[in-house]
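The lines below spell out each chain.
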Amino acid sequence: MSERLAPQEKVPFWRSPQGRAWTFQLCMVGAFLWLAVSVYSNTLANLKTRGISSGFGFLGNEAGFRIGEVTGIPLPQGGLLWFLVSLVAGLAVSQLISRHLKSKSDRPMNSKWLSVCLLFSIGLPMLTLYIFRDSVEIAHYTESSSYFMALLTGLGNTLKVTVIGCVASTILGLLVALGRLSPNWLLSNLSRWYVEINRNLPVLLQLFFWYFIVLQQLPNVRQSIDVGGWLILNKRGLYLPSLVPQQGAWIFCAAIVISIAAIWVIRRRARRILDETGVPVKILFPSLAVLIGLPALAWLLGGQPFTLDFPVLKGFNFKGGTGMTPEFTALVLGLTVYVSAFNAEIIRSGIEAVSKGQREAARALAMNERQVMRIVILPQAMRVIVPPMTSEYLAIAKNSSLAVAIGYPEFVSVGGTILNQSGQAVEIVGIWMGVYLCISLLISFGMNIYNSKVALVER
Amino acid sequence: MAFFRTYFICLLIVAMASIAQAGTLENVKKDGFLKAGTHIENPGFSALDSNGKRIGFDVDFIRAVAAAVDVPEVKYTPLTSKERLPALQSGEIDLLSRTTTHTMSRDVKLGLDFTVTTLYDGQGMMVRKELGITDAKDLDGATVCLQTGSTTELNISDFFRKNGMSFTPVVFDKQPDVRKAYDTGRCDVHTTDVSGLAAQRSLMEKPGDHVILSEVISKEPLGPVVRHGDNQWSDIVRWTIWLTMAAEEKGITQANVDKMYAKSKDPEVQRMLGKTGTLWTDLGLDKGAPVRIIKSVGNYGEIFDRNLGPKTPLRMERGLNQQWNKGGLIYAPPFR
């Protein structure tokens, strides 16, 4: 063989498979570049001949219109930058320590060193946050803000819906999936109808249903459902008292962060002891104690860090407090219900993909049903569940753009307004495409990392 | 949906190599139909009648132009306010007649030409009668329903800012959704052009329960729009509209146009109806164009009365849209 293959080196490159492959690939790249360049120059030429101005300069102009729902956007001021730097530095130091310890001995690091690491990775950023606490600016959009700020506000609204929708549809989907798998005839059939109905109706129709039919049944402002001034519900939305941060608010927030970190440490330690000695450690009470105790202490120290602002009927509407508008509620409900039906099917198929023997083996080890599900079935189902779940999360992000039909000011809606005010159609559509691409890539990036963690480890 | 449509229209802008700048008239004649953009549903201006035929004030001017260039057919493209300008820019339509406000930035920056103002309008506000509000200055803190992608959004913001008042906008993509949201009580105020409010009110569950406030917060000169650069085409649209206005002044109607053509001794009437002179052939049309225009839609007053006037559900008064010699702003340059 090798003797006959030897002359291969003299084969001209257009006859060698590699050479041809490269040629075709280069041709493809060339054709693509040519297409891109010609589309670009064509567009510019077209815009020019029609006297349409182009470029992104308009983003700095004053927007002049109002947006119904504005979430504050933390702007990267000097202080925030230092916070990020110190966060990275703290994590790096703790990584170095753990690497160093690992190289010395095979055992995982003990709790003494772990606390040193935690001190660095949490303490350092907290310290900078404290020092620079006044220079972290939260920008609120107003009419005199720029188009750019308007787009950011719309993007914030989109992300808010996406994050809440993803979490809620996952939880709801899991519940429905477990319902379908339940031996209870009624429960499993109800879940089945839930899935079939919601999966087969167009999502836009569901949004209209929630917005124009369900939520408009609520009473008018003056006939609001009022629960002692704490909870007010009417056609204009749900109103709740809002927390107004006072002087000591940051101590309280820091305490919550620290207590969550501490619980994480406690859990890790319990895991390690379980792994090494086989003795399960109860962590519920210590965790609860930390979670409640530390913030309570901070509350006392900070001298009531928050006050409540109650919604009051003033003129036309309720003022003050916080709450949810019907547009937001309808969008989250519609997307959550729609996607949860798909999620339920994905989770169910994942659970059913785990072979029966696994369940039987787990039962043979005297595990109860909850343990079987939590320790044996779900971890194995995850590797079937995660990839299709990613596309459902992407669907939430993309379908949130339907909100323009029910008046929720998300990214496409705000962009559309700007498009019409400024007439920069090509630029705005370009921004839309770019931003949705980024959101989708970020979601799938995160899900891929998670997937590689839960994927079957093959040796 | 709306997103994809806008996206598609933008693709058109991007993809089309270069359609001929001049020569809209030739293209229309070659196609045998006029491509025109108008409302999806705005009664009085552009809506489908019970036979599925498109009728309305904006539609009549489209039909007038179609009669002028003598094409039998019009291809209507129903557009949201967000889609209308890109649709014209991209060449998807050749004439936009959809209550579009003439503003400087649109005229200068977007490659568009505004022709003649067919309706002098202004932005108004509608509230429920039961609120007992008569002055727009009492609207501090109100929730306002409106349609995205028009001058409406800027005007209402300006009005509230100017008077030191606050409001919460709820912005929809389509006018019917704005109406539904307002009608079910989501908002205190419905705002758009006064004529549009009248049109929307006629579709409410109980039109009598709603009142349009007298405060007009902006100037909204509305009229058909064409692409910038084809002067012959914009001249055709302009003079077609002016002909309907001049016809009202001279008392020429849909019914008597043939008689006026045959018998009128007024030299200007003879010129504008194409009996004498070369006004219409100079424009690139034939001598029969003016009579065809008036026969198809009538004069300006007839168009107004048929679609918007007191005998229609919109019950609009002529107001500023009266002829110039009767105290209004409707004024056609001389046919000479």
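Values in this document were obtained by computation on a predicted structure and should not be read as measured data.

Calculation rules
Residues numbered from 1 in each chain as written. Chains lettered and ligands numbered in written order. Predicted model: local features only at pLDDT ≥ 70, side-chain atom pairs only at ≥ 80, totals over all residues. Heavy atoms only, no water. Pairing = 2+ DSSP bridges. Helix = DSSP H or I, 4+ residues; strand = E, 2+ residues; numbered from the N terminus. Axes fitted to C-alpha atoms, helices over the stretch in contact; angles between N-to-C directions. Disulfide = S-S within 2.5 Å. Phe/Tyr/Trp six-rings, centres within 6.5 Å; stacked < 30°, edge-to-face > 60°. Buried < 20%, exposed > 50% of the residue type's maximum accessible area, 1.4 Å probe, protein only. Contact = heavy atoms within 4.5 Å. Buried area = accessible area lost by both parts, 1.4 Å probe. Salt bridge = Lys/Arg side-chain N within 4 Å of Asp/Glu carboxyl O. Expected span 1.5 Å × (residues − 1). Patch = residues over 30% accessible without salt bridge, like charges linked within 9 Å, V, L, I, M, F, W, Y side chains within 5 Å. Areas by Shrake-Rupley, 256 points an atom, 1.4 Å probe, with all protein chains shown as cover. Lys, Arg positive; Asp, Glu negative; His and termini not counted. Charge placed at Lys NZ, Arg CZ, Asp CG, Glu CD.

S.K.: How would you sum up the sheet that holds strand E9 (residues 142–147) of chain B? Please name residues and give values.
M.R.: Residues and elements named next belong to chain B. Pairing is mixed in the open sheet, where 5 strands are placed in the order E10-E9-E11-E8-E12. The open sheet has two edge strands with one neighbour each: strand E10 (167–172) and strand E12 (210–212). Strand-to-strand twist across the sheet, computed as the mean angle between neighbouring axes with direction ignored, equals 30°. In terms of strand pairing, E9 meets strand E11 (residues 189–193) through 2 bridges, oriented parallel. Each residue of the ladder has a partner; that of Val144, found in E11, is Val189.

S.K.: Describe the sheet that holds strand E10 (residues 322–324) of chain A, and please don't skip the residues or the numbers.
M.R.: Sheet strands pair via backbone hydrogen bonds, and the direction of the pair is either parallel or antiparallel. Residues and elements named next belong to chain A. Taken together, 4 strands build an open sheet; the order of strands is E3-E4-E5-E10 and the sheet is antiparallel. Of all strands in the sheet, those bounded by a partner on one side alone are strand E3 (225–227) and E10. On average, each strand axis in the sheet is tilted by 15° relative to the strand beside it, whichever way the strands run. Two elements, strand E4 (residues 231–234) and strand E5 (residues 237–240), share 3 bridges in a ladder whose sense is antiparallel.

S.K.: Any details on the state of the cysteines? Residues and values, ideally.
M.R.: Residue and element names in this part refer to chain B. This model, assessed by the stated rule, comprises 1 disulfide over all chains. Shown here is the disulfide that connects Cys145 with Cys187, its sulfur atoms set 1.8 Å apart. Its S-S torsion of about 55° marks the bond between Cys145 and Cys187 as right-handed, since a negative value means left-handed. With Cys145 in strand E9 and Cys187 in the loop between helix H7 (175–183) and E11, this residue pair connects regions lying 42 residues apart in the sequence.

S.K.: Tell me what's going on with the packing of aromatic side chains, and back it up with residues and numbers.
M.R.: By the definition in use, this model includes 23 aromatic pairs over all chains. On the basis of an interplanar angle of 90° and a centroid distance of 5.1 Å, the ring pair of Trp230(A) and Phe310(A) is categorised as edge-to-face. Here the residue Trp230(A) occupies a position in the loop between E3 and E4, and Phe310(A) occupies one in the loop between strand E7 (306–309) and strand E8 (312–314), the gap between them amounting to 80 residues. The exposure class assigned to Trp230(A) is partly exposed, which follows from its relative accessible area of 47%. An aromatic cluster of at least three residues, connected via ring pairs, comprises Phe45(B), Phe57(B), Phe61(B), Tyr300(B) and Phe304(B).

S.K.: For the interface of chain A and chain B, give the residues involved together with the corresponding values.
M.R.: Contact residues are listed per partner, giving 53 residues for chain A and 55 residues for chain B. Taken together, both faces of the contact between chain A and chain B bury some 4,400 Å²; the carbon and sulfur share is 55%. Considering only the side of chain A, the residues that lose the most area to chain B are Arg50(A), Phe316(A) and Asn420(A), jointly responsible for 19% of the buried surface there. Where chain A touches chain B, the interface holds 3 salt bridges.

S.K.: Could you give an account of the environment of Ile138(A), with specific residues and numbers?
M.R.: Among the structural elements, Ile138(A) can be located in strand E2 (residues 137–139). For the pair Ile138(A) and Arg15(A), spaced 123 residues apart in the sequence, the C-alpha separation amounts to 63 Å.

S.K.: Which residues make up helix H3 (residues 57–68) of chain B, and what values do they have?
M.R.: Residue and element names in this part refer to chain B. The terminal C-alpha atoms of H3, which comprises 12 residues, lie 17 Å apart, in line with the 16 Å expected from a rise of 1.5 Å per residue. The buried count for H3 comes to 11 of 12 residues, which makes it a mostly enclosed element. Taken together, the buried positions of H3 are occupied by Phe57, Asp58, Val59, Asp60, Phe61, Ile62, Ala64, Val65, Ala66, Ala67 and Ala68.

S.K.: If you had to explain a positive patch on the surface to someone new, which residues and values would you point to?
M.R.: Residues and elements named next belong to chain A. Together, Arg267, Arg271, Arg370 and Arg374 make up a positively charged patch on the protein surface. Of all the secondary-structure elements, those providing two or more residues to the positive patch are helix H8 (249–277) and helix H12 (369–399). In this fold, Arg267 is placed in helix H8. The exposure class of Arg267 is partly exposed, given its relative accessible area of 48%.

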